[in-house]
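# Fold and contact review
Given next are the chains, with one letter for each unit.
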Amino acid sequence: MKISVIGSGHVGLITGVCFAEKGHEVLCVDHDREKLARLKKGEVPFYEPDLPELLQKHVASRRLVFSDRTEDAVEFGQAVFICVGTPSTERGKADMSYVEKVARTIAENLKDYRLVIEKSTVPIKTGERIRRTISRYVRGDVHFDVASNPEFLREGSAIYDTLNPDRVVVGVDSAKGESLLREIYGGFNCPIVVTSVGSAELIKHASNSFLALKITYANWLSRLCEASGADIEQVVHGMGLDKRIGHHFFGAGIGYGGSCFPKDVDALAHISEELGVDAPMIRLISDTNRSQLERFYQRIESELWVLHDKTLAIWGLAFKPNTDDLREAPALRLIEKLKAAGARLRVHDPVAMPNTRKLHPDLYYAKDPIDAASGADALIVCTEWPQYKEADLAKVKASIRVPMIFDGRNCIDRKKAAELGMTLFGIGKAPVKPAE
Ligand code: UGA
């Protein structure tokens, strides 16, 4: 089928590339011409495993083409996906001006039936607003439908997630729209859940907030573990074996980040309150998440006594492994606090250093993890990249000034650290300390 995708950012580009992989003909639209020029050459402006290869494959196969005109999207595909950004303004309120503008442009260029599908993460009732906007601006008596098809991909495994989803949710109120969406997803081997537009919109927000709640529950439990002498990894393992609870997204750390969970949790609370439904539980997720990093900082400060003039190594800058995305990354907030306290920072990340350098040109960017640790008064781990989990702790010990590690992701080998006589502070675990 011919499919148009408006907005070629993380969601739109991956959606377009994956539809092309499934055999559809896809037009991806973006107003940023510089970005389009790079995409046409098969260059991806952000780090996402497997995306460059698949992009190059379908630019070459001609199943994926690009344009900077939304009008072309309306002309090209019978299905038109809206994947433009909905940035947060004040706490939890989304800026819907890009979506609204796209809806108007679609209306003004509508000549034949089109299925307009919102895929950007949007507030509840956006589908209804898009439908009303198109009705208002359409010229003549042209039929159209509006559907919601939220995406559940994770950065870092976005291609895999999109090609192998647990389920596809389609919120659609017409038989024609449903049949087009079933055709689009015919090649995907997963259940297709058909709901009303409003339910599909809520499924997306509620899923992200539920996962954020689950992580936050583990983070809160980690505090109880520290206070009571229990071990968070043993506790969540024992709990997670109950199939009703499960192990996924149940790892304690220094808090969730990224462009989705923080924004979506706040958005769900905001929308609920707007609809007259109090949301103290949802508000508490954000507050607890923020204080998790604060506690980690206080731990570092209390152990090191004075941060001024201390040299600290940081492993991991991105909000999670396999991405160079720094949005709401706990490491960034920590860097700001440590810098304000007068510490000197030696940082490392396998892919996120160029993006960090734009924000903090004054840090030392290490050539490898051991270089970062060299001469430091302590090492702080903020992202659980595999190379940090597997790092040679003997080499760390040989190069660091004080063999002390603050592991914000419980990813450093405790046994090895103990054997080497290092000090290791984790989250929700008893510290590893050499006998004094
Ligand atoms: C998230 C959802 O997982 C996707 O399903 C959704 O499509 C996406 O948001 C979106 O709305 O677009 P993403 O933000 O890419 O995906 O990242 P996640 O893998 O969900 O991780 C989010 C944060 O939670 C990271 O900071 C990660 O370190 C943290 N996390 C995750 C934990 O602290 N503990 C865990 O056990 C799991």
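Here, the structure is the one placed above.
Residues numbered from 1 in each chain as written. Predicted model: local features only at pLDDT ≥ 70, side-chain atom pairs only at ≥ 80, totals over all residues. Heavy atoms only, no water.

### A few points about unusual backbone geometry
Using the following cut-off: Elements are defined by DSSP. Helices are runs of H or I of four residues or more, strands are runs of E of two residues or more, and each kind is numbered from the N terminus. For every residue, the accessible area obtained with a 1.4 Å probe (protein chains only) is divided by the maximum for its type, and the residue is called buried under 20%, exposed over 50%, and partly exposed between those limits.
Here Phe249, not a glycine, exhibits a phi torsion of approximately 55°, which is positive. Topologically, Phe249 is positioned in the loop between α10 (232–240) and α11 (261–274). On the basis of relative accessibility, which here comes to 32%, the residue Phe249 falls in the partly exposed class. Even without a glycine there, the phi angle at Asp309 is positive, about 75°. Mapped onto the fold, Asp309 is located in the loop between α12 (280–304) and β9 (311–315).

### Points about the sheet that holds strand β11 (residues 364–365)
Note the threshold: By definition, two strands form a pair when at least two bridges between them are found by DSSP. We call two residues in contact when some of their heavy atoms are within 4.5 Å. Only the stretch in contact is used when fitting a helix axis, every axis being a line fitted to C-alpha atoms; angles between N-to-C directions are given from 0 to 180 degrees.
Strand order across the open sheet formed by 6 strands is β11-β10-β9-β12-β13-β14, with parallel pairing between neighbours. Because the sheet does not close on itself, it has two edges, and the strands there are β11 and β14 (423–425). Bridge count between strand β10 (residues 344–348) and β11: 2 bridges; the pairing is parallel. Of the residues in β11, the one forming a bridge with Arg346 is Tyr364. Across the sheet, α12 touches β9, β12 (378–381), β13 (404–407) and β14, and the angle it forms with β13 is around 165°. Docked against the sheet, helix α13 (residues 330–340) engages β9, β10 and β12, running at close to 155° with respect to β10.

### Description of the packing of helix α9 (residues 197–228) against α10
Operational definition: Here the word oblique covers every angle except those under 35 degrees (roughly parallel), over 145 (roughly antiparallel) and from 65 to 115 (roughly perpendicular). Less than a right angle of anticlockwise turn of the near helix away from the far helix marks a crossing as left-handed, whereas a clockwise turn marks it as right-handed.
For the pair α9 and α10, interaxial distance at closest approach is 9 Å and the crossing angle is 130°. It follows from the interaxial angle that α9 and α10 lie oblique. Note that α9 runs across α10; the crossing there is right-handed. Between α9, through Tyr217, Ala218, Leu221, Ser222 and Cys225, and α10, the contact on the second element is made entirely by Ile232, Val235, Val236 and Met239.

### Overview of the nonpolar core
Rule in force here: By convention a nonpolar core is built from buried Ala, Val, Leu, Ile, Met, Phe, Trp, Tyr and Cys residues, the set being connected through side-chain atoms within 4.5 Å.
One finds Leu13, Leu55, Phe66, Phe81, Leu181 and Ile184 to be the most contacted residues of the largest nonpolar core, which totals 41 residues. Broken down by element, this core gets its largest block of residues, 7 residues, from helix α1 (residues 10–21). Ile254, Tyr297, Leu317 and Met353 belong to the second-largest nonpolar core, a separate cluster that totals 40 residues.

### Section: the pattern of salt bridges
Formally: For salt bridges, the criterion is a side-chain nitrogen of Lys or Arg within 4 Å of an Asp or Glu carboxyl oxygen.
Applying the stated criterion to the full structure yields 28 salt bridges. Arg346 is the partner of Asp371 in a salt bridge, and the nearest nitrogen-oxygen pair spans 3.3 Å. Of the two residues, Asp371 sits in helix α15 (residues 369–373) while Arg346 sits in strand β10, which places them 25 residues apart along the sequence. Each of the two residues, Asp371 as well as Arg346, counts as buried. A salt bridge links Asp377 to Arg401; its shortest N-O distance comes to 3.3 Å. In this pair, Asp377 sits in the loop between α15 and β12 while Arg401 sits in the loop between α17 (393–399) and β13, placing the two residues 24 residues apart along the sequence. For Asp377, a relative accessible area of 8% corresponds to the buried category. Looking at Arg401, the relative accessible area reads 58%, which means it is exposed. Connected through salt bridges with shared partners, the residues Glu128, Arg131 and Arg132 form a single ionic network.

### So, α9
Keep this limit in mind: Any helix carries an expected span of 1.5 Å times its number of residues minus one.
The end-to-end C-alpha distance of α9, which contains 32 residues, comes to 46 Å, matching closely the 46 Å that a straight helix rising 1.5 Å per residue would cover. Of the residues flanking the end of α9, it is Gly229, one or two places downstream, whose phi is positive at about 90°.

### A look at the layout of surface pockets
To be explicit about the condition: Points on a 1 Å grid, built from protein atoms alone, make a cavity when a 1.4 Å probe fits but cannot get out and make a pocket when they are open with protein on both sides within 12 Å along at least 5 of 7 lines; residues with an atom within 4 Å of a point are the lining residues. Grid points are joined across faces, edges and corners, and a volume is the space filled by probe spheres set on the points.
Roughly 510 Å³ of internal volume is contained in the second largest pocket. Lining the second largest pocket are 20 residues, and of these Met96, Pro123, Ile124, Thr126 and Arg129 lie nearest its centre. If you list the elements that add at least two residues to the lining of the second largest pocket, you get α5 (97–108), α6 (126–137) and α11. For the lining of the second largest pocket, the element with the highest residue contribution is α6, accounting for 6 residues.

### Here we look at the site of the ligand
Applicable threshold: Residues are classed as near a molecule or strand on a simple rule: at least one heavy atom within 4 Å of it. N or O atoms closer than or at 3.5 Å make up a polar contact, with two conditions inside protein: a donor-capable atom paired with an acceptor-capable one, and, for residues adjacent in sequence, both atoms drawn from side chains. Reported accessibility uses the Shrake-Rupley method at a 1.4 Å probe radius. Residues are deemed covered only where the shown protein chains occlude them. Residues are grouped as follows: nonpolar covers Ala, Val, Leu, Ile, Met, Phe, Trp, Tyr, Cys and Pro; charged covers Asp, Glu, Lys and Arg; every other residue, Gly included, is treated as polar.
Taken together, 19 residues lie near the ligand, and Leu153, Glu155, Lys204, Asn208 and Lys320 sit nearest. In the environment of the ligand, an oxygen atom lies 2.8 Å from a nitrogen or oxygen atom belonging to the backbone of Phe152. The separation between an oxygen atom of the ligand and a polar side-chain atom of Arg409 is 3.5 Å. For the ligand, whose free accessible area comes to 710 Å², the fraction covered by protein is 90%. Elements represented by at least two residues in the shell around the ligand include exactly α9 and α11. Its residues assigned to classes, the shell around the ligand shows 9 nonpolar, 3 polar and 7 charged.

### Regarding the environment of Arg104
In this structure, Arg104 sits in helix α5. The exposure class of Arg104 is partly exposed, given its relative accessible area of 27%. Spatially, the C-alpha atoms of Arg104 and Thr133 are 6.5 Å apart, while their sequence positions differ by 29 residues. Sequence-distant contacts of Arg104, defined by excluding residues within four places in its chain, comprise Thr133 and Tyr137. A distance of 3.0 Å separates polar atoms of two side chains, one belonging to Arg104 and the other to Glu100.

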